[in-house]
Amino acid sequence: MLIRRNKGWEIPEREATPEAVYKNRRQFLKGIAAGSIGASAAAMPLGSALAQGTSPTADLYPVTRNPAYTVDREMTEKAKALTYNNFYEFGSHKSISSAAQALKLRPWTVKIDGMVEKPIEIDFEDLVRKMPLEERVYRFRCVEAWAMTVPWSGFPMKALVDFAKPLSGAKYVEMETASQKETMPGLRQFWYPWPYVEGLSMAEATNELTMIATGIYGEEMPKQNGAPLRLVTPWKYGFKNIKSIVRITFTDKRPVSFWEELNKDEYGFWANVNPKVPHPRWSQAQERLLNNGETVPTQIYNGYGDYVADMYKGMEDEKLFM
Ligand SMILES: Nc1nc2c(c(=O)[nH]1)N[C@H]1C(S)=C(S)[C@@H](COP(=O)(O)O)O[C@H]1N2
Ligand SMILES: [Mo]
């Protein structure tokens, strides 16, 4: 069996690893997990948590790419997406990837509560094994005007909503990040409204684009990118994409997001990408690609209008774009 060792993410999307190679690689990984191949850790193709023998869910990756969600943009180099991060719990700068390694991932319980038939607490491992995992390549746009293109592994949030069985009166989903005082130095910055929370309308949460990501670049989610599960809403500014979720609450009241609480004039609830609506302190007309520093025009809804614009019909009085 031929294993391609080069990393698909470092070449343009059109040349990236085809599905068949993925599947083979997955078999190969299963072989390693079962101890049937005498490979040393150094020879393993992904340098993943599995290679370190630490994670009980590493066997799930890589997952098959869904070809319906690809973009005409160069994939961001893995090393860049994994070392230029935003995760205020670990520091208010972009170089938090090593600090974030302190995040404690086991046990990881997700609480599903509020307006649901039956509130539950479920272990992350049990949850992820129930969900339909796939890979999707999405653009990602931070409100600070940098952008990347990455392959997320995960499942449609709709699958989780179906699993949670919300009551018909539920209008929003609120999500909350873990608060680990021992591992997260940012929590001592008391002027922030911890824990980090975010919210979506039910229509947004069940939109086909909305993902709960549990991996990236064919591996389990690295801690700095929001392990073990984080939200991905590619048509919204990055801050909506809440990391390291421990609680999902269905409610009839609109949640107040972390950044909205801090400064609602700069960071609104809807936060849909729009080149024509500037941030009060900078333009949103263009964005800088993390990959090569190139500056390109920003697209309305980050290029995903066909999937999402209908949800906002009749909501023109809302501040949909900041
Ligand atoms: N809990 C939590 N989630 C968060 C953040 C954060 O500080 N804390 N930052 C957000 C912002 S502003 C961005 S741009 C993305 C960055 O995700 P990345 O580091 O995987 O690129 O995470 C979002 N999710
Ligand atoms: Mo961001």
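An unreviewed UniProt entry annotates the chain as Protein-methionine-sulfoxide reductase catalytic subunit MsrP originating from Thalassospira lohafexi. The UniProt entry for the chain carries the following comment under Sequence similarities (unreviewed entry): "Belongs to the MsrP family." Quoted verbatim from the Subunit (unreviewed entry) field of the UniProt record, the comment on the chain reads "Heterodimer of a catalytic subunit (MsrP) and a heme-binding subunit (MsrQ)."

Colleague: An account of the nonpolar core is requested, with residue identities and associated values reported.
Modeller: Formed by 86 residues in total, the largest nonpolar core has its most connected members in Trp152, Met157, Met175, Phe250 and Tyr312. Leave out the neighbours within four places in its chain, and Met157 touches Val173, Met175, Leu200, Ala205, Thr210, Met211, Ile212 and Leu231.

Colleague: Break down the site of ligand 1 for me, citing the residues and quoting the values.
Modeller: Around ligand 1 sit 18 residues in total, of which Tyr88, Glu89, Thr177, Asn241 and Lys243 are the nearest. With respect to ligand 1, the side chain of Thr177 contributes an N or O atom lying 2.9 Å from a nitrogen atom. Between ligand 1 and Asn225 there is a distance of 3.0 Å, counted from an oxygen atom to a side-chain nitrogen or oxygen.

Colleague: Requested: an account of the sheet that holds strand β1 (residues 109-114), with residues and values cited.
Modeller: The five strands lie next to each other as β2-β1-β10-β5-β6, forming an open sheet whose pairing is mixed. Strands with a single pairing partner mark the edges of an open sheet, and in this sheet they are β2 (120-123) and β6 (197-201). Geometrically, the sheet is characterised by an average inter-axis angle of 20° between neighbouring strands, direction not taken into account. Here strand β5 (residues 172-177) pairs with strand β10 (residues 245-251) via six bridges, running antiparallel. Bridged to Glu174 within β10 is Thr249. Here helix α4 (residues 157-164) sits on the sheet and contacts β1, β2, β5, β6 and β10; the angle it forms with β10, its principal contact strand, is near 65°.

Colleague: I'd like a description of the UniProt feature "binding site: Mo-molybdopterin" (unreviewed entry) in the chain, backed by residues and values.
Modeller: As annotated in UniProt, the feature "binding site: Mo-molybdopterin" (unreviewed entry) corresponds to Asn85, Tyr88, Glu89, Cys142, Thr177, Asn225, Arg230, Asn241, Ile242 and Lys243 in the numbering used here. With respect to the helices, strands and loops of the structure, Asn85 is situated in the loop between α2 (78-81) and β1. Its relative accessible area of 3% is what places Asn85 among the buried residues. Contacts of Asn85, omitting those with residues within four sequence positions, involve His93, Lys94, Ile96, Ser97, Gln224, Asn225 and Lys243. Within polar-contact distance, the side chain of Asn85 engages the backbone oxygen of Ala81 at 3.3 Å. In this fold, Tyr88 is placed in the loop between α2 and β1.

Colleague: Summarise α4; cite the residues concerned and give the values.
Modeller: Regarding α4, the residues found buried are Met157, Ala159, Leu160, Val161 and Ala164. In the segment just after α4, Lys165 is the residue with positive phi, at about 50°.

Colleague: Could you give an account of the environment of Pro195, with specific residues and numbers?
Modeller: Mapped onto the elements, Pro195 comes out in the loop between β5 and β6. For Pro195, a relative accessible area of 24% translates into the label partly exposed. Placed 16 residues apart in sequence, Pro195 and Ser179 show a C-alpha to C-alpha distance of 6.1 Å. Apart from the residues within four sequence positions on either side, Pro195 is in contact with Glu176, Thr177, Ser179 and Phe258.

Colleague: Tell me about the packing of aromatic side chains, and name the residues and values.
Modeller: On inspection of all chains with the given rule, the structure shows 25 aromatic pairs. Taken together, a centroid distance of 6.1 Å and an interplanar angle of 85° make the contact between Tyr69 and Tyr138 edge-to-face. Of the two residues, Tyr69 sits in the loop between α1 (19-33) and α2 while Tyr138 sits in strand β3 (residues 134-141), which places them 69 residues apart along the sequence. For the pair shown, Tyr69 and Tyr138 are each scored as buried. Every member of this aromatic cluster is reached through a ring pair, and the members are Tyr88, Phe190, Trp191, Tyr192, Trp194, Tyr196, Phe239, Phe258, Trp259 and Tyr267. Between the NZ or CZ atom of Arg136 and the centre of the ring of Tyr69, over which it lies, the distance is 3.9 Å.

Colleague: Give a detailed account of unusual backbone geometry, specifying residues and quantitative values.
Modeller: Omega for the bond connecting Arg106 with Pro107 falls within 30 degrees of zero, at -10°, which places this linkage in the cis form. Following Trp194, the chain continues into Pro195 via a peptide bond in cis, with omega recorded as -5°. Phi at Ala145 is positive, roughly 70°, even though this residue is not glycine. The exposure class assigned to Ala145 is buried, which follows from its relative accessible area of 16%. Of note, the phi angle at Ala271 is positive, near 50°, even though the residue is not glycine.

Analysis parameters
- Residues numbered from 1 in each chain as written.
- Chains lettered and ligands numbered in written order.
- Predicted model: local features only at pLDDT ≥ 70, side-chain atom pairs only at ≥ 80, totals over all residues.
- Heavy atoms only, no water.
- UniProt positions renumbered as here; feature names shortened; annotations may be inferred.
- Core = buried A, V, L, I, M, F, W, Y, C linked by side-chain atoms within 4.5 Å.
- Buried < 20%, exposed > 50% of the residue type's maximum accessible area, 1.4 Å probe, protein only.
- Contact = heavy atoms within 4.5 Å.
- Near = heavy atom within 4 Å.
- Polar contact = N/O pair within 3.5 Å; in protein donor to acceptor, adjacent residues only side chain to side chain.
- Pairing = 2+ DSSP bridges.
- Helix = DSSP H or I, 4+ residues; strand = E, 2+ residues; numbered from the N terminus.
- Axes fitted to C-alpha atoms, helices over the stretch in contact; angles between N-to-C directions.
- Phe/Tyr/Trp six-rings, centres within 6.5 Å; stacked < 30°, edge-to-face > 60°.
- Lys NZ or Arg CZ within 6 Å of the ring centre and 35° of its normal.

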